[in-house]
Amino acid sequence: MDEHISGRRSSPEHKHKFKNRKEKIGWYIDEIDSYKEDMGKWYTLFIRRILPFMLFIIPINVLSARVVDYVANKYLAGIISDQDPAIKIVAWLIELVIFLAFLVFLPRFSTFLEFVLGISYIVCAFKFGWINTGLGYFTIITVTLFVFMKLVFLVIEILYHIVFRGEHEPTAYKGSDGEDLVL
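Residues numbered from 1 in each chain as written. Predicted model: local features only at pLDDT ≥ 70, side-chain atom pairs only at ≥ 80, totals over all residues. Heavy atoms only, no water.

Let's talk about the overall build of the protein
Check the secondary structure of the protein and you find seven helices and zero strands. The secondary structure elements of the protein, listed N-terminal to C-terminal, are α-α-α-α-α-α-α. Sorting the 183 residues of the protein into buried and exposed places 28% on the buried side. Within the protein, contacts between residues at least 6 apart in sequence are counted, and of these 61% link residues at least 24 apart. (Helix = DSSP H or I, 4+ residues; strand = E, 2+ residues; numbered from the N terminus. Buried < 20%, exposed > 50% of the residue type's maximum accessible area, 1.4 Å probe, protein only. Contact = heavy atoms within 4.5 Å.)

Overview of the nonpolar core
Core analysis: the largest hydrophobic core is formed by 22 residues, its most contacted members being Phe56, Ile60, Phe99, Leu117, Tyr121 and Trp130. It is helix α6 (residues 107-128) that contributes the most residues to this core, seven residues altogether. Ignoring sequence-local partners within four residues, the contact set of phenylalanine 99 consists of Pro52, Phe53, Phe56, Ile60, Leu113, Glu114 and Leu117. (Core = buried A, V, L, I, M, F, W, Y, C linked by side-chain atoms within 4.5 Å.)

As for the pattern of salt bridges
Counted according to the given criterion, the structure contains two salt bridges. One salt bridge connects aspartate 69 with lysine 88, and the closest N-O pair in it is separated by 3.0 Å. Of this pair, aspartate 69 sits in helix α4 (residues 57-74) while lysine 88 sits in helix α5 (residues 85-105); the two residues are 19 residues apart in sequence, bridging distant segments of the chain. A relative accessible area of 17% means that aspartate 69 is categorised as buried. Residue lysine 88 is classed as partly exposed on the basis of its relative accessible area, which comes to 23%. (Salt bridge = Lys/Arg side-chain N within 4 Å of Asp/Glu carboxyl O.)

A look at α6
The first and last C-alpha atoms of α6 sit 30 Å apart over 22 residues, in line with the 32 Å expected at 1.5 Å per residue. All buried positions along α6 are accounted for by Ser110, Thr111, Leu113, Glu114, Phe115, Leu117, Gly118, Tyr121, Ile122, Cys124 and Ala125. Along its buried surface, α6 packs onto α3 (41-55), α4, α5 and α7 (134-163). (Expected span 1.5 Å × (residues − 1).)

Comments concerning the packing of α3 against α4
Here α3 crosses α4 at 45°, and the two axes come no closer than 4 Å. As judged from the angle between their axes, α3 and α4 are oblique. Contact with α3, carried on its side by Phe53, Met54 and Leu55, involves Ile57, Ile58 and Pro59 of α4 and no other residues of that element. The residue makeup of the contact of α3 with α4, split by class, is six nonpolar, no polar and no charged. (Axes fitted to C-alpha atoms, helices over the stretch in contact; angles between N-to-C directions. Parallel < 35°, antiparallel > 145°, perpendicular 65-115°, else oblique. Nonpolar A, V, L, I, M, F, W, Y, C, P; charged D, E, K, R; others polar.)

Details of a nonpolar patch on the surface
On the surface, Leu100, Val104, Phe105, Leu106, Phe109, Phe112 and Val116 cluster together to form a nonpolar patch covering roughly 650 Å² of accessible area. Elements represented by at least two residues in the nonpolar patch include exactly α5 and α6. For leucine 106, a relative accessible area of 42% puts it in the partly exposed group. (Patch = residues over 30% accessible without salt bridge, like charges linked within 9 Å, V, L, I, M, F, W, Y side chains within 5 Å. Areas by Shrake-Rupley, 256 points an atom, 1.4 Å probe, with all protein chains shown as cover.)

What about the confidence of the model for the protein?
Mean pLDDT over the protein: 80, with 80% of residues reaching 70 or higher. Every residue in residues 1-12 scores below 50 in pLDDT, and together they form five contacts with partners more than four places removed in sequence or on other chains. (pLDDT = per-residue confidence, 0-100.)

Digging into the packing of aromatic side chains
Per the counting criterion, the structure on display carries seven aromatic pairs. Between phenylalanine 56 and phenylalanine 146, the aromatic rings sit 5.9 Å apart at their centres with planes inclined by 75°, giving edge-to-face as the arrangement. One end of the pair, phenylalanine 56, is in the loop between α3 and α4; the other, phenylalanine 146, is in helix α7, with 90 residues separating them in the sequence. Overall, phenylalanine 56 belongs to the buried group, its relative accessible area being 0%. Look at phenylalanine 109 and phenylalanine 112: their rings are 5.9 Å apart centre to centre, the planes differ by 40°, and that puts the pair in the tilted class. Taken together, the residues phenylalanine 109 and phenylalanine 112, both in helix α6 and three residues apart, mark about one turn of the helix. (Phe/Tyr/Trp six-rings, centres within 6.5 Å; stacked < 30°, edge-to-face > 60°.)

Following this line, the structure appears as structure tokens:
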């Protein structure tokens, strides 16, 4: 590929040299982390708060309606009807507000909650055959992709903490004199 088109040189002198496998893994993990840091507040605002909230509106609705039906039929059969849509809507709205509060105030717990809600929605959707419309297929695909990518980034974050244990800043971009290098 022409260097003018791609913007990169493919010559061997620009390849990174690594002493060992740990340094190579550390460099790649640091690159991924620097991309995340470059996104700054947009990453925190959009990826960790707005996207999960928008994505889990339908799964929370479906799971909430199924739980209300189960509780109404099993434990409150004479008190409330499982056919009352007002109870399902109120339960769904309360759960959305609670989920949004977790997203804003407890982001690490909300990551755990996203895994639990996402995996339970995926399992229940396939087990009980809830996927019967285009929106159902779209929702299951997006939730699956979201949970998978959250898992990938969780593994990268764990590897980052293992590789750079005890360091405040990765040394991949530090020179011998301690100054930051620009590559």
